[in-house]
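Working through the structure, step by step
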Amino acid sequence: MAIKQAPLSPRLSIYRWLPGMIASIAHRGSGVVLVLSVPCYLWILHGMTGSPQDFDSAVALLHSPLGRLGLWLASAALIYHFFNGIRFLCLDAGWGESRDMMRNSARVVIVIAAVAAIVLGVLLW
Ligand code: HEM
């Protein structure tokens, strides 16, 4: 009798990278980026409403390469997370649950987020 050699633990190398899987992993990644960016927003908000020195520090950070990169990353993550979040909520409501619809909606979200990330990058640099 042939024994099927099924893997005993999840290994990334055995999965086929389908659009739905990429969209789900990117949703979690973008959620982590958004949570980590909250302290940065608060620091900038504090700078904008604090002393003139705090204001200057916040503006200097926002105009620095690191600040622009952070702003780009947080904005791109928010745009992706928003569109894929709407997609997830539609799936939760039972809309677009067929395999084709799930794959196509994931493709649409990934393309929208990629275009938005490129436009943002151009605007910020
Ligand atoms: C802009 C509107 C947003 C929408 C429509 C949205 C939607 C969603 C949805 C539907 C989920 C659940 C995904 C699932 O079923 O696994 C989720 C997860 C999550 N969201 Fe959002 N979200 C939004 C904004 C945010 C913001 C602003 C943050 C952070 C500051 C955030 C952080 C997270 C995190 C950390 C998760 C858990 C990800 C995971 O580990 O699976 N979201 N979001």
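Residues numbered from 1 in each chain as written. Predicted model: local features only at pLDDT ≥ 70, side-chain atom pairs only at ≥ 80, totals over all residues.

The next thing to look at is the packing of helix 3 (residues 65–92) against helix 4 (residues 99–124). The contact between helix 3 and helix 4 brings their axes to 9 Å, and the two run at 155°. Relative to helix 4, the element helix 3 lies roughly antiparallel. As helix 3 packs across helix 4, the resulting crossing turns out to be right-handed. Here helix 3 contributes Arg 68, Leu 71, Trp 72, Ser 75, Ala 76, Ile 79, Tyr 80, Phe 83, Asn 84 and Arg 87 to the contact with helix 4, which in turn contributes Ser 105, Val 109, Ile 112, Ala 113, Ala 116, Ala 117, Leu 120, Gly 121 and Leu 124. Across the contact of helix 3 with helix 4, the residue classes break down as 13 nonpolar, 4 polar and 2 charged. (Axes fitted to C-alpha atoms, helices over the stretch in contact; angles between N-to-C directions. Helix = DSSP H or I, 4+ residues; strand = E, 2+ residues; numbered from the N terminus. Parallel < 35°, antiparallel > 145°, perpendicular 65-115°, else oblique. Left-handed = near helix turned anticlockwise from the far one by under 90°. Contact = placed C-beta atoms within 7 Å. Nonpolar A, V, L, I, M, F, W, Y, C, P; charged D, E, K, R; others polar.)

Looking now at the site of the ligand. Near the ligand the following residues occur: His 27, Arg 28, Gly 31, Leu 34, Val 35, Val 38, His 81, Phe 82, Gly 85, Ile 86, Phe 88 and Leu 89. Sorting the residues of the shell around the ligand by element identifies helix 1 (19–49) and helix 3 as the ones contributing at least two each. Residues of the shell around the ligand, tallied by class, amount to 7 nonpolar, 4 polar and 1 charged. (Near = placed C-beta within 6 Å.)

Okay, the packing of helix 1 against helix 4 next. At a minimum axis separation of 8 Å, helix 1 and helix 4 run at an interaxial angle of 50°. By the criterion of interaxial angle, the relationship of helix 1 to helix 4 is oblique. By crossing handedness, the relation of helix 1 to helix 4 is classed as left-handed. Of helix 4, the residues touching helix 1 (which contributes Pro 19, Gly 20, Ile 22 and Ala 23) are Met 102, Arg 103, Ala 106, Arg 107, Val 109 and Ile 110. Looking at side-chain class alone, the contact of helix 1 with helix 4 contains 7 nonpolar, 1 polar and 2 charged residues.

Moving on: helix 1. Over its 31 residues, helix 1 runs 43 Å from end to end, which matches the ideal 45 Å to within 8%, given 1.5 Å per residue. Its axis deflected by about 30° at Val 38, helix 1 carries its strongest bend there, up to four residues before the proline Pro 39. Listing the buried residues of helix 1 in full gives Ala 23, His 27, Ser 30 and Ile 44. Taken together, the buried residues of helix 1 touch helix 2 (52–63), helix 3 and helix 4. (Expected span 1.5 Å × (residues − 1). Bend = angle between axes of the 7 residues up to and from the residue. Buried ≥ 20, exposed ≤ 12 C-beta atoms within 10 Å, placed from the backbone.)

This next bit is on the nonpolar core. Residues Ala 23, Ala 76, Ala 77, Tyr 80, Ala 106, Val 109 and Ala 113 constitute the largest nonpolar core, which totals 7 residues. Of all the secondary structure elements, the ones that give two or more residues to this core are helix 3 and helix 4. The contacts of Tyr 80, once residues within four sequence positions are left out, are Ala 26, Ser 30 and Ala 113. (Core = buried A, V, L, I, M, F, W, Y, C linked by C-beta atoms within 7 Å.)

Next up on the list: the confidence of the model for the protein. Scored by pLDDT, the protein comes out at a mean of 93, with 93% of its residues at no less than 70. Here helix 2 stands out as the least confident element of the protein, with mean pLDDT 95; helix 3 is the most confident, with 98. (pLDDT = per-residue confidence, 0-100.)

Right, let's talk about the environment of Pro 52 for a bit. For Pro 52, the location among the structural elements is in helix 2. Pro 52 sits 57 residues away from Val 109 along the chain, and the two C-alpha atoms are 41 Å apart.

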